Amino acid sequence: MSGLPAAPPPDRARNGRAGRSRTVRNLWLTRLPSDGGRVEVVERKGCGHPDSICDALAENLSRDLCRRYQAAFGLILHHNVDKALLCAGRASPAFGGGRIAEPIDIYLAGRAAALQKNGGAELKELAVEGARRWLREHLHALDAERHVRIHPVLRPGSAELQGLFEGSAAAIPRANDTSIGVGYAPLSPLEQLVLDLERALQDAGRPAWGEDVKIMAVRTGQDVTLTISCALIGGELRNLDAYLAEKAAIADLAAASAAERGFRACRVAVNAADQPEAGLLYLTVTGTSAESGDDGQVGRGNRVSGLITPGRPMSLEAAAGKNPVTHVGKIYNVAAQEIARSVVAELAPVRRAECLLVSQIGAPITEPAVAELRCELGRGEALRDVRGSIEAIVARELAALPGRLEDFVHGRVALF
(Lines give C-alpha, C1' and ligand atoms only; values in the text may rest on other atoms or scores of the structure.)
Protein backbone atom coordinates (compact mmCIF):
# COMPACT_ATOMS: atom_id res chain seq x y z
CA MET A 1 0.00 0.00 0.00
CA SER A 2 2.95 2.31 -0.60
CA GLY A 3 2.49 5.63 -2.40
CA LEU A 4 3.16 6.42 -6.05
CA PRO A 5 4.88 9.43 -7.60
CA ALA A 6 2.49 12.27 -8.36
CA ALA A 7 3.25 12.14 -12.10
CA PRO A 8 5.07 9.95 -14.63
CA PRO A 9 8.73 10.73 -15.37
CA PRO A 10 8.97 13.92 -17.46
CA ASP A 11 10.87 12.26 -20.33
CA ARG A 12 7.69 10.38 -21.24
CA ALA A 13 6.25 13.64 -22.55
CA ARG A 14 9.01 13.83 -25.16
CA ASN A 15 8.18 10.40 -26.58
CA GLY A 16 6.63 10.86 -30.00
CA ARG A 17 4.25 7.94 -29.41
CA ALA A 18 2.83 9.17 -26.12
CA GLY A 19 1.67 12.46 -24.69
CA ARG A 20 0.44 13.62 -21.32
CA SER A 21 -2.93 15.30 -20.96
CA ARG A 22 -3.06 18.93 -19.92
CA THR A 23 -6.54 18.80 -18.40
CA VAL A 24 -7.05 15.33 -16.90
CA ARG A 25 -4.50 14.67 -14.20
CA ASN A 26 -1.80 12.21 -15.31
CA LEU A 27 -3.57 10.98 -18.44
CA TRP A 28 -1.31 9.53 -21.12
CA LEU A 29 -2.18 8.50 -24.67
CA THR A 30 -0.21 5.85 -26.54
CA ARG A 31 -0.69 4.49 -30.04
CA LEU A 32 -1.21 0.75 -30.37
CA PRO A 33 0.08 -1.07 -33.44
CA SER A 34 -2.41 -2.90 -35.65
CA ASP A 35 -3.46 -6.21 -34.17
CA GLY A 36 -1.85 -8.87 -36.34
CA GLY A 37 -1.54 -11.65 -33.80
CA ARG A 38 -1.71 -15.12 -35.33
CA VAL A 39 -2.27 -16.90 -32.01
CA GLU A 40 -5.15 -16.11 -29.65
CA VAL A 41 -6.10 -17.94 -26.47
CA VAL A 42 -9.36 -17.32 -24.58
CA GLU A 43 -10.72 -19.15 -21.54
CA ARG A 44 -13.88 -18.93 -19.47
CA LYS A 45 -14.97 -20.77 -16.34
CA GLY A 46 -18.70 -21.28 -15.79
CA CYS A 47 -20.53 -20.44 -12.58
CA GLY A 48 -20.17 -24.00 -11.25
CA HIS A 49 -16.39 -24.04 -11.48
CA PRO A 50 -14.86 -24.00 -7.96
CA ASP A 51 -13.03 -20.71 -8.65
CA SER A 52 -16.21 -19.10 -9.96
CA ILE A 53 -18.16 -20.34 -6.94
CA CYS A 54 -15.65 -18.58 -4.68
CA ASP A 55 -15.88 -15.36 -6.70
CA ALA A 56 -19.65 -15.48 -6.63
CA LEU A 57 -19.97 -16.16 -2.91
CA ALA A 58 -17.48 -13.41 -2.02
CA GLU A 59 -19.29 -10.86 -4.18
CA ASN A 60 -22.69 -12.07 -2.95
CA LEU A 61 -21.53 -11.54 0.63
CA SER A 62 -20.29 -8.02 -0.14
CA ARG A 63 -23.64 -7.11 -1.68
CA ASP A 64 -25.55 -8.59 1.28
CA LEU A 65 -23.36 -6.61 3.67
CA CYS A 66 -23.91 -3.40 1.70
CA ARG A 67 -27.68 -3.78 1.81
CA ARG A 68 -27.69 -4.70 5.50
CA TYR A 69 -25.43 -1.74 6.38
CA GLN A 70 -27.63 0.63 4.35
CA ALA A 71 -30.76 -0.63 6.09
CA ALA A 72 -29.23 -0.38 9.57
CA PHE A 73 -27.11 2.78 9.29
CA GLY A 74 -28.09 4.55 6.07
CA LEU A 75 -24.64 4.01 4.56
CA ILE A 76 -22.19 1.25 3.69
CA LEU A 77 -19.60 0.45 6.35
CA HIS A 78 -16.05 -0.74 5.80
CA HIS A 79 -15.59 -4.29 4.55
CA ASN A 80 -13.44 -6.37 2.25
CA VAL A 81 -14.53 -9.99 1.99
CA ASP A 82 -12.49 -10.98 -1.04
CA LYS A 83 -10.88 -14.05 0.49
CA ALA A 84 -12.72 -17.33 -0.08
CA LEU A 85 -11.44 -20.87 -0.33
CA LEU A 86 -13.29 -23.97 -1.49
CA CYS A 87 -11.98 -27.37 -0.41
CA ALA A 88 -13.46 -30.15 -2.50
CA GLY A 89 -15.40 -32.93 -0.80
CA ARG A 90 -15.51 -36.63 -1.70
CA ALA A 91 -18.08 -38.14 -4.02
CA SER A 92 -18.95 -41.47 -5.65
CA PRO A 93 -20.80 -40.62 -8.88
CA ALA A 94 -22.63 -43.34 -10.80
CA PHE A 95 -25.10 -43.68 -13.65
CA GLY A 96 -28.57 -43.32 -12.21
CA GLY A 97 -27.35 -41.71 -8.99
CA GLY A 98 -24.23 -41.64 -6.84
CA ARG A 99 -23.59 -40.14 -3.42
CA ILE A 100 -21.63 -37.46 -1.60
CA ALA A 101 -19.32 -39.11 0.91
CA GLU A 102 -17.96 -35.89 2.41
CA PRO A 103 -19.35 -32.37 1.92
CA ILE A 104 -17.61 -29.47 0.24
CA ASP A 105 -16.03 -27.00 2.68
CA ILE A 106 -16.20 -23.30 1.80
CA TYR A 107 -14.38 -20.69 3.89
CA LEU A 108 -15.55 -17.07 3.59
CA ALA A 109 -12.94 -14.80 5.13
CA GLY A 110 -12.37 -11.08 5.29
CA ARG A 111 -12.88 -7.87 7.19
CA ALA A 112 -16.31 -6.44 7.98
CA ALA A 113 -17.64 -3.85 10.42
CA ALA A 114 -19.99 -5.34 13.00
CA LEU A 115 -23.72 -4.77 12.68
CA GLN A 116 -24.48 -4.76 16.40
CA LYS A 117 -22.76 -5.61 19.67
CA ASN A 118 -23.24 -9.23 18.73
CA GLY A 119 -22.26 -8.37 15.18
CA GLY A 120 -19.90 -11.32 14.93
CA ALA A 121 -22.75 -13.79 15.21
CA GLU A 122 -25.01 -11.76 12.95
CA LEU A 123 -22.30 -11.44 10.29
CA LYS A 124 -21.74 -15.20 10.31
CA GLU A 125 -25.45 -15.87 9.92
CA LEU A 126 -25.62 -13.41 7.03
CA ALA A 127 -22.67 -15.09 5.31
CA VAL A 128 -24.04 -18.62 5.68
CA GLU A 129 -27.58 -17.77 4.60
CA GLY A 130 -26.40 -15.78 1.60
CA ALA A 131 -24.01 -18.49 0.44
CA ARG A 132 -26.64 -21.21 0.65
CA ARG A 133 -29.12 -19.01 -1.21
CA TRP A 134 -26.68 -18.46 -4.08
CA LEU A 135 -25.84 -22.16 -4.28
CA ARG A 136 -29.53 -23.11 -4.42
CA GLU A 137 -30.21 -20.58 -7.18
CA HIS A 138 -27.25 -21.45 -9.43
CA LEU A 139 -26.33 -25.14 -9.01
CA HIS A 140 -29.40 -27.17 -9.82
CA ALA A 141 -28.12 -30.62 -8.77
CA LEU A 142 -26.35 -29.57 -5.58
CA ASP A 143 -28.11 -29.72 -2.19
CA ALA A 144 -26.97 -26.49 -0.53
CA GLU A 145 -27.79 -27.81 2.95
CA ARG A 146 -26.40 -31.36 2.77
CA HIS A 147 -23.58 -31.13 0.25
CA VAL A 148 -21.81 -28.01 1.57
CA ARG A 149 -20.39 -26.72 4.85
CA ILE A 150 -19.95 -22.94 5.09
CA HIS A 151 -17.27 -21.56 7.43
CA PRO A 152 -17.45 -17.74 7.82
CA VAL A 153 -14.37 -16.06 9.30
CA LEU A 154 -15.19 -12.33 9.41
CA ARG A 155 -13.37 -9.85 11.64
CA PRO A 156 -13.10 -6.03 11.89
CA GLY A 157 -10.62 -4.26 9.65
CA SER A 158 -7.57 -2.28 10.74
CA ALA A 159 -8.17 1.08 12.41
CA GLU A 160 -6.21 2.83 9.63
CA LEU A 161 -8.36 1.48 6.79
CA GLN A 162 -11.59 1.91 8.74
CA GLY A 163 -10.67 5.54 9.38
CA LEU A 164 -9.87 6.09 5.71
CA PHE A 165 -13.18 4.54 4.71
CA GLU A 166 -15.21 6.54 7.23
CA GLY A 167 -13.52 9.76 6.12
CA SER A 168 -14.89 9.17 2.62
CA ALA A 169 -18.53 9.06 3.65
CA ALA A 170 -19.34 12.74 3.13
CA ALA A 171 -17.14 13.48 0.13
CA ILE A 172 -15.54 11.81 -2.89
CA PRO A 173 -14.43 8.38 -1.61
CA ARG A 174 -10.70 7.94 -1.16
CA ALA A 175 -8.87 4.86 -2.41
CA ASN A 176 -8.16 2.36 0.33
CA ASP A 177 -5.43 0.62 -1.65
CA THR A 178 -2.75 1.28 -4.23
CA SER A 179 -3.65 -1.02 -7.09
CA ILE A 180 -4.18 -1.43 -10.82
CA GLY A 181 -7.25 -1.62 -13.04
CA VAL A 182 -7.16 -2.54 -16.72
CA GLY A 183 -9.69 -2.96 -19.51
CA TYR A 184 -9.90 -3.27 -23.27
CA ALA A 185 -12.37 -3.11 -26.15
CA PRO A 186 -13.77 -4.40 -28.36
CA LEU A 187 -14.03 -8.13 -27.74
CA SER A 188 -12.56 -10.21 -30.53
CA PRO A 189 -14.84 -12.66 -32.40
CA LEU A 190 -13.20 -15.53 -30.49
CA GLU A 191 -13.75 -13.83 -27.13
CA GLN A 192 -17.39 -13.20 -27.96
CA LEU A 193 -17.78 -16.81 -29.06
CA VAL A 194 -16.48 -18.11 -25.73
CA LEU A 195 -18.81 -15.84 -23.73
CA ASP A 196 -21.82 -16.74 -25.86
CA LEU A 197 -21.08 -20.46 -25.86
CA GLU A 198 -20.73 -20.73 -22.09
CA ARG A 199 -24.06 -18.94 -21.66
CA ALA A 200 -25.67 -21.16 -24.28
CA LEU A 201 -24.51 -24.27 -22.44
CA GLN A 202 -26.04 -22.99 -19.21
CA ASP A 203 -29.28 -21.95 -20.88
CA ALA A 204 -29.73 -25.14 -22.90
CA GLY A 205 -32.11 -26.69 -20.36
CA ARG A 206 -30.34 -30.07 -20.37
CA PRO A 207 -30.64 -31.54 -16.83
CA ALA A 208 -27.58 -33.75 -17.34
CA TRP A 209 -25.34 -30.74 -17.96
CA GLY A 210 -23.79 -29.34 -14.80
CA GLU A 211 -22.85 -25.72 -14.26
CA ASP A 212 -19.15 -26.55 -13.95
CA VAL A 213 -18.10 -25.68 -17.49
CA LYS A 214 -14.70 -24.58 -18.74
CA ILE A 215 -13.99 -23.51 -22.30
CA MET A 216 -10.50 -23.10 -23.73
CA ALA A 217 -10.46 -21.59 -27.20
CA VAL A 218 -7.29 -21.44 -29.28
CA ARG A 219 -7.02 -19.69 -32.63
CA THR A 220 -3.94 -20.16 -34.78
CA GLY A 221 -4.39 -18.06 -37.89
CA GLN A 222 -7.94 -18.91 -38.97
CA ASP A 223 -7.98 -22.37 -37.34
CA VAL A 224 -9.95 -22.64 -34.08
CA THR A 225 -10.03 -25.40 -31.48
CA LEU A 226 -12.54 -25.46 -28.62
CA THR A 227 -11.75 -27.70 -25.66
CA ILE A 228 -14.79 -27.92 -23.40
CA SER A 229 -15.14 -29.60 -20.06
CA CYS A 230 -18.65 -30.01 -18.71
CA ALA A 231 -19.50 -31.90 -15.53
CA LEU A 232 -22.25 -34.36 -16.45
CA ILE A 233 -24.68 -35.51 -13.77
CA GLY A 234 -24.94 -39.25 -13.22
CA GLY A 235 -28.43 -39.08 -11.78
CA GLU A 236 -29.71 -37.84 -15.15
CA LEU A 237 -27.98 -40.54 -17.21
CA ARG A 238 -28.93 -44.20 -17.59
CA ASN A 239 -25.68 -45.53 -19.01
CA LEU A 240 -22.56 -44.84 -21.06
CA ASP A 241 -24.51 -44.43 -24.28
CA ALA A 242 -26.55 -41.66 -22.69
CA TYR A 243 -23.35 -39.99 -21.46
CA LEU A 244 -21.80 -40.10 -24.93
CA ALA A 245 -25.00 -38.71 -26.45
CA GLU A 246 -24.82 -35.69 -24.11
CA LYS A 247 -21.18 -35.12 -25.07
CA ALA A 248 -22.16 -35.19 -28.73
CA ALA A 249 -24.94 -32.64 -28.08
CA ILE A 250 -22.43 -30.31 -26.41
CA ALA A 251 -20.07 -30.64 -29.37
CA ASP A 252 -22.90 -29.93 -31.82
CA LEU A 253 -23.91 -26.80 -29.91
CA ALA A 254 -20.30 -25.59 -29.84
CA ALA A 255 -19.81 -26.17 -33.57
CA ALA A 256 -23.05 -24.35 -34.38
CA SER A 257 -22.07 -21.40 -32.15
CA ALA A 258 -18.66 -21.20 -33.82
CA ALA A 259 -20.24 -21.21 -37.28
CA GLU A 260 -22.59 -18.38 -36.25
CA ARG A 261 -19.52 -16.36 -35.29
CA GLY A 262 -17.87 -17.01 -38.65
CA PHE A 263 -15.55 -19.83 -37.62
CA ARG A 264 -16.43 -22.41 -40.26
CA ALA A 265 -13.53 -24.77 -39.57
CA CYS A 266 -13.66 -25.40 -35.81
CA ARG A 267 -12.46 -28.51 -34.00
CA VAL A 268 -14.32 -29.36 -30.79
CA ALA A 269 -13.23 -31.69 -27.98
CA VAL A 270 -15.59 -32.36 -25.06
CA ASN A 271 -14.35 -33.87 -21.79
CA ALA A 272 -11.12 -34.72 -23.55
CA ALA A 273 -9.66 -36.69 -20.63
CA ASP A 274 -12.41 -39.34 -20.77
CA GLN A 275 -11.33 -42.97 -21.16
CA PRO A 276 -14.62 -44.88 -21.50
CA GLU A 277 -12.89 -48.24 -21.90
CA ALA A 278 -11.26 -47.70 -18.50
CA GLY A 279 -14.43 -46.33 -16.90
CA LEU A 280 -12.94 -42.85 -16.55
CA LEU A 281 -15.59 -40.20 -17.27
CA TYR A 282 -16.35 -36.66 -16.14
CA LEU A 283 -19.35 -37.92 -14.18
CA THR A 284 -20.55 -36.10 -11.06
CA VAL A 285 -23.35 -36.17 -8.50
CA THR A 286 -23.80 -32.40 -8.25
CA GLY A 287 -22.67 -30.98 -11.60
CA THR A 288 -19.50 -29.44 -10.19
CA SER A 289 -15.98 -30.78 -9.72
CA ALA A 290 -16.05 -29.12 -6.29
CA GLU A 291 -17.71 -32.28 -5.00
CA SER A 292 -14.46 -34.19 -5.32
CA GLY A 293 -12.04 -33.20 -8.04
CA ASP A 294 -11.01 -29.56 -7.67
CA ASP A 295 -10.58 -26.83 -5.08
CA GLY A 296 -11.29 -23.15 -5.67
CA GLN A 297 -10.20 -19.67 -4.66
CA VAL A 298 -11.28 -16.07 -5.26
CA GLY A 299 -9.39 -14.32 -8.03
CA ARG A 300 -8.17 -17.42 -9.88
CA GLY A 301 -10.92 -17.42 -12.48
CA ASN A 302 -12.42 -14.97 -14.95
CA ARG A 303 -11.35 -11.34 -14.96
CA VAL A 304 -13.86 -8.46 -14.97
CA SER A 305 -14.21 -8.99 -18.73
CA GLY A 306 -15.73 -12.40 -17.95
CA LEU A 307 -12.76 -14.07 -19.62
CA ILE A 308 -9.19 -15.17 -19.06
CA THR A 309 -7.18 -13.63 -21.90
CA PRO A 310 -3.38 -13.95 -21.60
CA GLY A 311 -2.83 -11.93 -24.78
CA ARG A 312 -4.75 -8.94 -23.41
CA PRO A 313 -3.98 -6.64 -20.47
CA MET A 314 -5.16 -8.32 -17.27
CA SER A 315 -5.02 -7.39 -13.60
CA LEU A 316 -4.33 -9.97 -10.91
CA GLU A 317 -6.75 -8.17 -8.58
CA ALA A 318 -9.60 -10.26 -7.20
CA ALA A 319 -12.45 -7.83 -7.80
CA ALA A 320 -15.16 -9.98 -6.21
CA GLY A 321 -15.84 -9.27 -2.55
CA LYS A 322 -14.01 -5.95 -2.31
CA ASN A 323 -16.09 -3.05 -1.04
CA PRO A 324 -17.61 -0.99 -3.88
CA VAL A 325 -17.12 2.38 -2.19
CA THR A 326 -13.35 2.80 -1.89
CA HIS A 327 -11.61 -0.33 -3.13
CA VAL A 328 -10.03 0.58 -6.43
CA GLY A 329 -9.00 -3.03 -6.98
CA LYS A 330 -12.66 -3.50 -7.81
CA ILE A 331 -13.78 -0.06 -9.00
CA TYR A 332 -10.87 0.64 -11.35
CA ASN A 333 -11.08 -2.67 -13.19
CA VAL A 334 -14.71 -1.95 -14.00
CA ALA A 335 -13.96 1.69 -14.83
CA ALA A 336 -11.07 0.79 -17.13
CA GLN A 337 -13.29 -1.62 -19.03
CA GLU A 338 -16.03 1.01 -19.37
CA ILE A 339 -13.58 3.68 -20.52
CA ALA A 340 -12.15 1.41 -23.23
CA ARG A 341 -15.63 0.45 -24.42
CA SER A 342 -16.79 4.06 -24.53
CA VAL A 343 -13.74 5.26 -26.44
CA VAL A 344 -14.24 2.59 -29.12
CA ALA A 345 -18.02 3.04 -29.28
CA GLU A 346 -17.99 6.84 -29.44
CA LEU A 347 -14.89 7.62 -31.50
CA ALA A 348 -14.94 6.27 -35.05
CA PRO A 349 -11.16 6.63 -35.63
CA VAL A 350 -10.40 4.32 -32.67
CA ARG A 351 -10.51 0.66 -33.67
CA ARG A 352 -9.19 -0.81 -30.45
CA ALA A 353 -8.45 0.58 -26.99
CA GLU A 354 -6.75 -0.51 -23.80
CA CYS A 355 -7.05 1.39 -20.54
CA LEU A 356 -4.75 1.33 -17.51
CA LEU A 357 -5.64 3.02 -14.21
CA VAL A 358 -3.32 3.13 -11.20
CA SER A 359 -4.57 4.34 -7.84
CA GLN A 360 -2.78 5.91 -4.90
CA ILE A 361 -4.03 5.03 -1.45
CA GLY A 362 -5.73 7.99 0.20
CA ALA A 363 -6.35 9.88 -3.06
CA PRO A 364 -9.89 10.51 -4.36
CA ILE A 365 -11.05 7.60 -6.51
CA THR A 366 -11.84 10.12 -9.25
CA GLU A 367 -8.15 11.08 -9.46
CA PRO A 368 -5.97 8.11 -10.46
CA ALA A 369 -2.21 8.49 -10.02
CA VAL A 370 -1.79 7.40 -13.64
CA ALA A 371 -4.27 6.82 -16.44
CA GLU A 372 -3.17 5.56 -19.85
CA LEU A 373 -5.20 4.97 -23.00
CA ARG A 374 -3.59 2.88 -25.71
CA CYS A 375 -5.44 3.18 -29.00
CA GLU A 376 -5.24 1.55 -32.39
CA LEU A 377 -6.31 4.10 -34.98
CA GLY A 378 -7.38 3.84 -38.59
CA ARG A 379 -4.88 4.52 -41.32
CA GLY A 380 -4.12 8.21 -41.61
CA GLU A 381 -5.58 9.03 -38.18
CA ALA A 382 -3.48 10.71 -35.47
CA LEU A 383 -3.74 10.72 -31.68
CA ARG A 384 -3.86 14.52 -31.64
CA ASP A 385 -7.14 14.36 -33.56
CA VAL A 386 -8.88 12.34 -30.84
CA ARG A 387 -7.03 13.59 -27.78
CA GLY A 388 -9.69 16.03 -26.64
CA SER A 389 -12.51 13.53 -27.11
CA ILE A 390 -10.63 10.83 -25.19
CA GLU A 391 -9.93 13.23 -22.34
CA ALA A 392 -13.60 14.10 -22.14
CA ILE A 393 -14.62 10.42 -21.99
CA VAL A 394 -12.05 9.61 -19.30
CA ALA A 395 -13.07 12.64 -17.22
CA ARG A 396 -16.75 11.71 -17.57
CA GLU A 397 -16.28 8.08 -16.54
CA LEU A 398 -14.04 8.95 -13.57
CA ALA A 399 -16.45 11.61 -12.32
CA ALA A 400 -19.30 9.08 -12.51
CA LEU A 401 -17.60 6.51 -10.25
CA PRO A 402 -19.20 7.57 -6.93
CA GLY A 403 -22.63 7.46 -8.56
CA ARG A 404 -22.19 3.85 -9.69
CA LEU A 405 -22.31 2.49 -6.15
CA GLU A 406 -25.85 1.11 -6.43
CA ASP A 407 -24.93 -0.75 -9.62
CA PHE A 408 -22.41 -2.74 -7.58
CA VAL A 409 -24.73 -3.19 -4.61
CA HIS A 410 -27.54 -4.60 -6.76
CA GLY A 411 -25.36 -6.80 -8.95
CA ARG A 412 -25.73 -4.81 -12.15
CA VAL A 413 -21.97 -4.90 -12.74
CA ALA A 414 -20.38 -8.14 -14.02
CA LEU A 415 -17.16 -8.96 -12.19
CA PHE A 416 -16.36 -12.45 -13.37
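You'll find the structure just up there.
For clarity, every value in this text was computed on a predicted model and none was experimentally measured.

S.K.: Looking at this model, I keep getting lost on the side chain of K330. Mind explaining?
M.R.: Among the structural elements, K330 can be located in helix α6 (residues 328-346). According to the relative accessible area criterion, K330 is buried, its value standing at 0%. Within the structure, K330 has its side chain in polar contact with the side chain of E59 (distance 2.7 Å). With near-sequence residues (within four places) excluded, K330 lies in contact with E59, S62, A319, G321, K322, N323, P324, F408 and L415.

S.K.: Please clarify how the sheet that holds strand β8 (residues 148-155) should be interpreted in this entry.
M.R.: Taking strand neighbours across the sheet as the criterion, the 4 strands line up as β8-β7-β4-β14 in an open arrangement whose pairing is mixed. Each edge of the open sheet carries a strand with a single partner, namely β8 and β14 (296-297). Note: strand β4 (residues 79-87) against strand β7 (residues 104-112), 7 bridges, orientation antiparallel. Across the sheet, the residue bridging to C87 is D105, located in β7. On the sheet, helix α1 (residues 50-73) packs against β4, β7, β8 and β14 and is oriented at approximately 150° with respect to β4.

S.K.: Is there a simple way to think about the environment of V350 in this case?
M.R.: Assignment of secondary structure puts V350 in strand β15 (residues 350-358). Remark: the alpha-carbon pair of V350 and E376, spanning 26 residues in sequence, is separated by 5.9 Å. Ignoring any residue separated from it by four or fewer positions in sequence, one finds V350 in contact with V343, V344, C375, E376 and L377.

S.K.: I tried to follow the packing of α6 against helix α7 (residues 383-399) on my own but got confused; where do I start?
M.R.: A packed helix pair is summarised by two numbers, namely the angle formed by the two axes and the spacing between the axes. Interhelical geometry of α6 versus α7 gives an angle of 140° and a closest axis separation of 10 Å. Classified by the angle their axes make, α6 and α7 are oblique. Our pair here, α6 against α7, has a crossing hand that is right-handed. Only I390, I393, V394, R396 and E397 of α7 make contact with α6, whose side of the interface consists of E338, I339, S342, V343 and E346.

S.K.: Hey, could you run me through unusual backbone geometry in this one?
M.R.: In most cases, non-glycine residues show a negative phi, while peptide bonds are predominantly trans. A185 connects to P186 through a cis peptide bond whose omega is -5°. One non-glycine residue, N271, lies in positive phi territory at about 45°. Mapped onto the elements, N271 comes out in the loop between β12 (266-270) and β13 (283-284). N271 gets classed as buried once you look at its relative accessible area, which sits at 3%.

S.K.: In this structure, what is going on with the state of the cysteines? I would like to understand it.
M.R.: A covalent bond bridging the sulfur atoms of two cysteines is what the word disulfide describes. Per the counting criterion, the structure on display carries 0 disulfides. Just so you know, C54 is unpaired, no disulfide at all, and the nearest cysteine sulfur is the one on C87, 8.7 Å from it.

S.K.: What's the story with α1 in this structure? I'm lost.
M.R.: Note: α-helices contain 3.6 residues per turn, so residues at a spacing of three or four share the same orientation. Helix length check: α1, at 24 residues, gives a terminal C-alpha distance of 34 Å against a target of 34 Å (1.5 Å per residue), a fit within 8%. Counting buried residues in α1 gives 17 out of 24 residues, a clear majority hidden from the surface.

S.K.: Just to check I follow, could you spell out the side chain of N26 for this structure?
M.R.: Structurally, the position occupied by N26 is in the loop between β1 (18-20) and β2 (27-31). For N26, the side chain forms a polar contact with the main-chain oxygen of A369, separated by 2.8 Å.

S.K.: How should I be thinking about helix α5 (residues 240-260) in this particular structure?
M.R.: In this model, α5 (21 residues) spans 31 Å end to end at C-alpha, consistent with the 30 Å of a helix rising 1.5 Å per residue. Restricting attention to buried positions, one finds in α5 the residues A242, Y243, E246, K247, A249, I250, A251, A254, S257 and A258. The inward-facing, buried residues of α5 abut α4 (189-203), β10 (209-220), β11 (223-233), β12 and β13. The opening residue of α5 is N239, an N-cap whose side-chain oxygen sits 3.2 Å from the backbone nitrogen of D241.

S.K.: Explain the environment of H147 here, please?
M.R.: On the secondary structure map, H147 appears in the loop between α2 (119-138) and β8. Judged by its relative accessible area of 7%, H147 falls in the buried class. Separated by 139 residues in the primary sequence, H147 and T286 have C-alpha atoms spaced 8.6 Å apart. Sequence-distant contacts of H147, defined by excluding residues within four places in its chain, comprise I100, P103, I104, A141, L142 and T286.

Rules of the game
- Residues numbered from 1 in each chain as written.
- Predicted model: local features only at pLDDT ≥ 70, side-chain atom pairs only at ≥ 80, totals over all residues.
- Heavy atoms only, no water.
- Helix = DSSP H or I, 4+ residues; strand = E, 2+ residues; numbered from the N terminus.
- Buried < 20%, exposed > 50% of the residue type's maximum accessible area, 1.4 Å probe, protein only.
- Polar contact = N/O pair within 3.5 Å; in protein donor to acceptor, adjacent residues only side chain to side chain.
- Contact = heavy atoms within 4.5 Å.
- Pairing = 2+ DSSP bridges.
- Axes fitted to C-alpha atoms, helices over the stretch in contact; angles between N-to-C directions.
- Parallel < 35°, antiparallel > 145°, perpendicular 65-115°, else oblique.
- Left-handed = near helix turned anticlockwise from the far one by under 90°.
- Disulfide = S-S within 2.5 Å.
- Expected span 1.5 Å × (residues − 1).

Scope: geometric values only; no functional claims are made or implied.
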